[in-house]
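Overview (structure and organization)
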Amino acid sequence: MRDGVVRLKGKGLYKVVPGRPERFKAYRVQHNQARGPYKGGTRYHQDVSLDLFKVLAAEMTWKTAIADVPFGGGKGGIKVDPKTLSSEELEALTLRYMYRLKPLIGPDLDIPAPDVGTDGTIMGLLLRQYTDGERERHKLRGVVTGKDTRIGGSEGRVRATGQGLAYCIQEWFAERGATPAGSTFILQGFGNVGSNAAEILSGLGARLLAVNDSGGTIFNPAGIDVNDLVSYVYDNPRNLRRTVGGYPKAQQISKTDLFDIEADICIPAALGGEITGPVAERLKCKLVAEGANDPTTPEGDRVMAKRGIELIPDIIGNAGGVTVSYYEWIQNKRMEHWSETEVNGRLEQAIKSNYRIIRDIARNMPRRTATHNSSRYTIGKEIDMRTAAMVLALKRIEAHYQLEGFSQ
Ligand code: NAD
């Protein structure tokens, strides 16, 4: 720092004027609470808008219904690039955000969680501000999820989304009387969702052939050692961008080549809109298992359907995170702390039974088994998996309007 000017790596300069106030646009959208308290992440990003939060809040309404957790949908955040703020500034901004939000938020009203640009530390700050001055603070811990495990966060939350995706993939194989062992997959995104899904799948005997992320694309036809790649990306202090690019035990290829690689499964776990029509035309896989939100465009969907490529839609594929958020909320209410084994046992049962219901809706095969009951949800004709997931969401929400007389 010189003359109150901070030099940021590759991001130019910004001026610190101690004590000078600055305004930021902050949002919280509450979309639907027919099934329970509003639930959804808090995003700190420079490109957010009210319209974006409305879309994301609605998606949470569908996702909580599909995961069958007793929550509705919400989303919010601040228009700011958190990387341009010092930790003190970020703390001040976060505390102020909750100060203004407090009347609208609560463990039984609206429950934020981490999203892009926020993490467990930010959740701790939101909790601190929310409980400030309260005499029975411990009763309010469930006001945010995604907390550090030492202050009421759940075991298994960090891996939950990748774990949920792996359970869906296991179920997809189980329908065919098989397991992921011996199968191959390609992956886009090696962050929280992608790296955890890859670790779990490789533990089940699947072979990772190629990965693309924001810093490069790597390919090894003999298979990539996922644990070794995790160390290269996350434990290597020189890998500042946390990228798979430059990984020495694989060929460096171009991003466009990724989707030409023949594999059983393609897992998009990075950004939205990556599987476009032309990309879907090139895919040489049997299954696209969506970890990212909205990775496939409508044209991509049409091409995949035409080519007979199967789909695990995002809304169930990445529902593991919100499911374990619900477990965190229950643990907070009951003042309990469950083991990771207990969390994963419940998660597996929940994800697999909801996946089976969606599959039965898609095939128009109403069934009542020991693990799931799809008889209420089929609609008398076969539909694609993405539509089937929406049917499940809307029917579960509809029940509250019809039977409970919910109106809002
Ligand atoms: P993350 O920030 O941990 O990782 C993102 C990954 O995407 C990184 O490997 C990054 O390099 C890569 N990436 C970014 N831009 C890219 C580009 N242009 N091309 C290729 N790769 C690129 O994020 P995450 O938490 O793993 O989330 C990934 C996706 O999953 C997002 O769509 C997110 O909304 C969705 N999701 C995450 C969770 C969760 O619990 N983390 C839950 C539900 C949905």
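Please refer to the structure higher up on the page.
The following paragraphs examine the structure supplied in this document.

Basis of the calculations
Residues numbered from 1 in each chain as written. Predicted model: local features only at pLDDT ≥ 70, side-chain atom pairs only at ≥ 80, totals over all residues. Heavy atoms only, no water. Helix = DSSP H or I, 4+ residues; strand = E, 2+ residues; numbered from the N terminus. Rg over C-alpha atoms; globule rule 2.2 N^0.38 Å. Buried < 20%, exposed > 50% of the residue type's maximum accessible area, 1.4 Å probe, protein only. Pairing = 2+ DSSP bridges. Axes fitted to C-alpha atoms, helices over the stretch in contact; angles between N-to-C directions. Near = heavy atom within 4 Å. Polar contact = N/O pair within 3.5 Å; in protein donor to acceptor, adjacent residues only side chain to side chain. Areas by Shrake-Rupley, 256 points an atom, 1.4 Å probe, with all protein chains shown as cover. Nonpolar A, V, L, I, M, F, W, Y, C, P; charged D, E, K, R; others polar. Disulfide = S-S within 2.5 Å. Core = buried A, V, L, I, M, F, W, Y, C linked by side-chain atoms within 4.5 Å. Domains from an automatic or database assignment. Contact = heavy atoms within 4.5 Å. Parallel < 35°, antiparallel > 145°, perpendicular 65-115°, else oblique. Left-handed = near helix turned anticlockwise from the far one by under 90°.

Next up on the list: the overall build of the chain. Along its length, the chain carries 13 helices and 13 strands. Compactness check: the chain gives a C-alpha radius of gyration of 22 Å against a globular reference of 22 Å for 408 residues, within 12% of the reference. Along the three orthogonal principal directions, the C-alpha set of the chain runs to about 60 × 60 × 40 Å. Put simply, the chain has 408 residues, and 54% of those count as buried.

Strand order in the open sheet formed by four strands is β3-β5-β4-β6, with mixed pairing between adjacent strands. Only two strands of the sheet have a single partner each, and these edge strands are β3 (26-32) and β6 (110-114). Sheet twist, expressed as the mean angle between neighbouring strand axes with direction ignored, is 25 degrees. Strand direction decides the pairing type here: strand β4 (residues 38-45) and β6, joined by five bridges, are parallel. In the sheet register, G41 faces β6, and the bridge partner there is A113.

This paragraph deals with the site of the ligand. Taken together, 19 residues surround the ligand, and among them T161, F190, N192, V193 and S214 come closest. Here an oxygen atom of the ligand sits 2.9 Å away from a polar atom, N or O, in the side chain of S214. Here N293 contributes a side-chain N or O atom positioned 3.1 Å from an oxygen atom of the ligand. For the ligand, the accessible surface in isolation is 830 Å², of which the surrounding protein chains cover 70%. Of all elements in the fold, only α5 (192-203) and β8 (207-213) reach the threshold of two or more residues within the shell around the ligand. For the shell around the ligand, the class distribution of residues is six nonpolar, ten polar and three charged.

Counting through the fold element by element, I397 comes out in helix α13 (residues 385-403). With relative accessibility at 7%, the residue I397 sits in the buried group. Counting along the chain gives 214 residues from I397 to S183, while the straight-line C-alpha distance between them is 37 Å.

Evaluated as defined, the whole model comprises zero disulfides. Distance from the sulfur of C266, which forms no disulfide, to the nearest cysteine sulfur (C285) is 5.0 Å.

Turning our attention to the nonpolar core. Counting residues in hydrophobic clusters, the biggest one holds 72 residues, and the most contacted among them are I169, F190, L208, V211, L229, I267 and I312. In terms of residue count, the dominant contributor to this core is helix α12 (residues 340-363) (nine residues). The residues that make up this core include at least three from each of domain 1 (25-150) and domain 2 (160-317). Apart from residues no more than four positions distant in its own chain, I267 is found in contact with L165, I169, F185, I186, L187, Q188, L201 and A289. Counting residues in each nonpolar core, the second largest holds 20 residues, with L209, L258, M304 and I309 among its members.

Between helix α4 (residues 160-175) and helix α11 (residues 320-334), the least distance of the axes is 7 Å, while the angle of their chain directions is 120 degrees. By the angle between their directions, the pair α4 and α11 is classed as oblique. The interaxial crossing formed by α4 with α11 has right-handed handedness. The residues of α11 that touch α4, namely those facing A160, T161 and G164, are G320, G321 and V324. Here the contact of α4 with α11 is composed, by residue class, of two nonpolar, four polar and no charged.

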